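Spelled out from the first residue to the last, the chains are:
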Amino acid sequence: MTFYRTVAAVLMAAALAGCAQTEGQQRAGTGALIGGAGGALVGQAIGGNTKSTVIGAASGALLGAVVGSATTPQRREDQLCRYQDRYGRIYTAPCDDRYYNGNY
């Protein structure tokens, strides 16, 4: 019975991970799934009981979500740079080619 609940929970998590809107959210969801599965396996191998399996799954899911979100590459148009106009006012705007070429 517990096995079927675990399979149902994994399938629901996979379905929700597919509904993510942005690439960062998708990578975080995928990382959580992979990390949770890996953490559950490691927790079971180390502790050999349900408590350690759950702790391992939770820890792995958290770590996987953080790593998946942190490793999402930013698109060029999403990056903002700080500029200063001739009157000394500082403002932010999308980075131009000077930033990417090193001529800033």
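Residues numbered from 1 in each chain as written. Predicted model: local features only at pLDDT ≥ 70, side-chain atom pairs only at ≥ 80, totals over all residues. Heavy atoms only, no water.

## Description of the pattern of salt bridges
The final tally for this structure, using the stated rule, is 1 salt bridge. Notably, a salt bridge pairs aspartate 85 with arginine 89, separated by 2.9 Å at the nearest N-O pair. A relative accessible area of 22% places aspartate 85 in the partly exposed class. (Salt bridge = Lys/Arg side-chain N within 4 Å of Asp/Glu carboxyl O. Buried < 20%, exposed > 50% of the residue type's maximum accessible area, 1.4 Å probe, protein only.)

## Some points on the side chain of serine 52
Along the chain, serine 52 turns up in helix H3 (residues 50-70). With residues up to four places along the chain from it excluded, the contact list for serine 52 reads Gly43 and Gly47. (Helix = DSSP H or I, 4+ residues; strand = E, 2+ residues; numbered from the N terminus. Contact = heavy atoms within 4.5 Å.)

## With respect to the pairing of strand E1 (residues 80-84)
Judged by which residues are buried, E1 turns out to be one-sided: Cys81 and Tyr83 face inward and are buried, whereas Leu80, Arg82 and Gln84, on the alternate face, are not. Here E1 runs beside strand E2 (residues 90-94); their pairing, made up of 5 bridges, is antiparallel. Residue pairing across strands places tyrosine 83 opposite tyrosine 91, the latter belonging to E2. If you look at the hairpin formed by E1 and E2, you'll find 5 residues sitting between the two strands, and glycine 88 has a positive phi there, around 90°. (Pairing = 2+ DSSP bridges.)

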